[in-house]
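The residues making up each chain are set out below.
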Amino acid sequence: SDKIIAGRLFKAQTRVYQYCYDGKGMTKAAERAAELYLSGPDTAKFINSQYDVVAGYLMQTDTTKAMENLDVLKPFWHKMNEKQKSLYYSSSLLLNQSKGFHQSESLIEEYLNEIQTPSNIKWLSVAKAYYLSGNHDKAQSSLQKYDLYEGLHNAAYFWDSGLIYEALGRNSEAAKSYRK
């Protein structure tokens, strides 16, 4: 339908703003795409665009709006595929971290029990959550799974791996991570 086609255009615009680190532009385009997909109706595309809205607000460090928009997805839980559910958990962990909450291992365990396909889990989010909860061994194990399933080594990875190695007393590995 025309709404779905228009939604795709706003989705493309969302990506452009995301790559330019323009959180406001990203959020505005993603909100419009989500609105069009919902009325289209295309529930799967709506869910994905709604995650873009959450990411846009996180980029702007507006955790209140990010949480409000994540909550919009709760009624769609039964329609989500495993990757979409993984994004929900990963976003929840990230929101808890950004608000300074210590991670509840029960949320992490719920995440790992719900998502059956290891490659669908956002392992860096899990590693950071375990680190913040003080479970450094599980953080390091999750970091290894990140290497196995995702493997994109960006600034966040090197910083988080440095923190984890430092907490484990593996200072030379921590120093290597921080230098990258």
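In short, a report on the structure. (Residues numbered from 1 in each chain as written. Predicted model: local features only at pLDDT ≥ 70, side-chain atom pairs only at ≥ 80, totals over all residues. Heavy atoms only, no water.)

### Considerations on the overall build of the protein chain
To be explicit about the condition: By the criteria applied, helices consist of DSSP H or I runs no shorter than four residues and strands consist of E runs no shorter than two, each listed in order from the N terminus. The size measure is the radius of gyration over C-alpha atoms, and the globule rule it meets is 2.2 Å times the number of residues to the 0.38 power. Between buried and exposed lies partly exposed: a residue is buried under 20% and exposed over 50% of the maximum accessible area for its type, with that area taken using a 1.4 Å probe on protein chains only. We call two residues in contact whenever any of their non-hydrogen atoms come within 4.5 Å of each other. Method for areas: the Shrake-Rupley scheme with a 1.4 Å probe, in which residue coverage is limited to the protein chains shown.
On a plain count of helices and strands, the protein chain comes out with 10 helices and zero strands. Ordered by position in the sequence, the α and β elements of the protein chain form the string α-α-α-α-α-α-α-α-α-α. In summary, the protein chain has a C-alpha radius of gyration of 17 Å against a globular reference of 16 Å for 180 residues, a match within 12%. If you line up the protein chain on its principal axes, its C-alpha atoms span 55 × 35 × 30 Å. For the protein chain, buried positions account for 42% of its 180 residues. Sequence separation of at least 24 residues holds for 54% of the intrachain contacts in the protein chain that already meet a minimum separation of 6. Here the protein chain displays about 9,600 Å² of accessible surface, and carbon together with sulfur accounts for 53% of that area.

### Re the packing of helix 9 (residues 155-167) against helix 10 (residues 171-179)
For any two helices packed against each other, one specifies the crossing angle of their axes together with the interaxial distance. Basically, it comes down to this: Structural elements are reduced to axes, namely lines fitted to C-alpha atoms, with helices fitted over the stretch in contact, and the angle between N-to-C directions of any two is expressed from 0 to 180 degrees. Working rule for angles: under 35 degrees goes down as roughly parallel, over 145 as roughly antiparallel, 65 to 115 as roughly perpendicular, anything else as oblique. Working rule for handedness: look at the near helix, and if it is turned counterclockwise from the far one by less than a right angle, call the crossing left-handed; if clockwise, right-handed. Residue classes follow a fixed rule: Ala, Val, Leu, Ile, Met, Phe, Trp, Tyr, Cys and Pro count as nonpolar, while Asp, Glu, Lys and Arg count as charged, and any other residue, Gly among them, counts as polar.
Packing of helix 9 against helix 10 brings their axes to within 8 Å, and their N-to-C directions diverge by 165°. One way to sum up the angle between helix 9 and helix 10 is to call them roughly antiparallel. As helix 9 packs across helix 10, the resulting crossing turns out to be left-handed. Together, F158, W159, S161, G162, L163, Y165 and E166 of helix 9 and N171, E173, A174, S177 and Y178 of helix 10 make up the contact between the two elements. Among the residues making up the contact of helix 9 with helix 10, the classes are represented as six nonpolar, four polar and two charged.

### Digging into helix 7 (residues 123-132)
Since the α-helix packs 3.6 residues into each turn, any two residues three or four apart lie on the same face. Of all 10 residues making up helix 7, eight are buried, and the element is well covered by its neighbours. The set of residues buried in helix 7 consists of W123, L124, S125, V126, A127, K128, A129 and Y130.

### A short note on the pattern of salt bridges
Using the following cut-off: In what follows, salt bridge is the name for a side-chain nitrogen of Lys or Arg lying within 4 Å of a carboxyl oxygen of Asp or Glu.
Throughout the structure, instances matching the rule amount to nine salt bridges. For K11, the salt bridge goes to D52, with nearest N and O atoms at 2.5 Å. Note that K11 is positioned in helix 1 (residues 2-19) and D52 in helix 3 (residues 43-59), a separation of 41 residues in sequence. Take K11 and D52: they sit in the same class, and that class is buried. Across the salt bridge formed by E35 and R32, the nearest N and O atoms sit 2.5 Å from each other. Placement of both E35 and R32 in helix 2 (residues 23-39) is noted, with a separation of three residues, approximately one turn of the helix. On the basis of relative accessibility, which here comes to 48%, the residue E35 falls in the partly exposed class. Residue R32 is classed as partly exposed on the basis of its relative accessible area of 32%.

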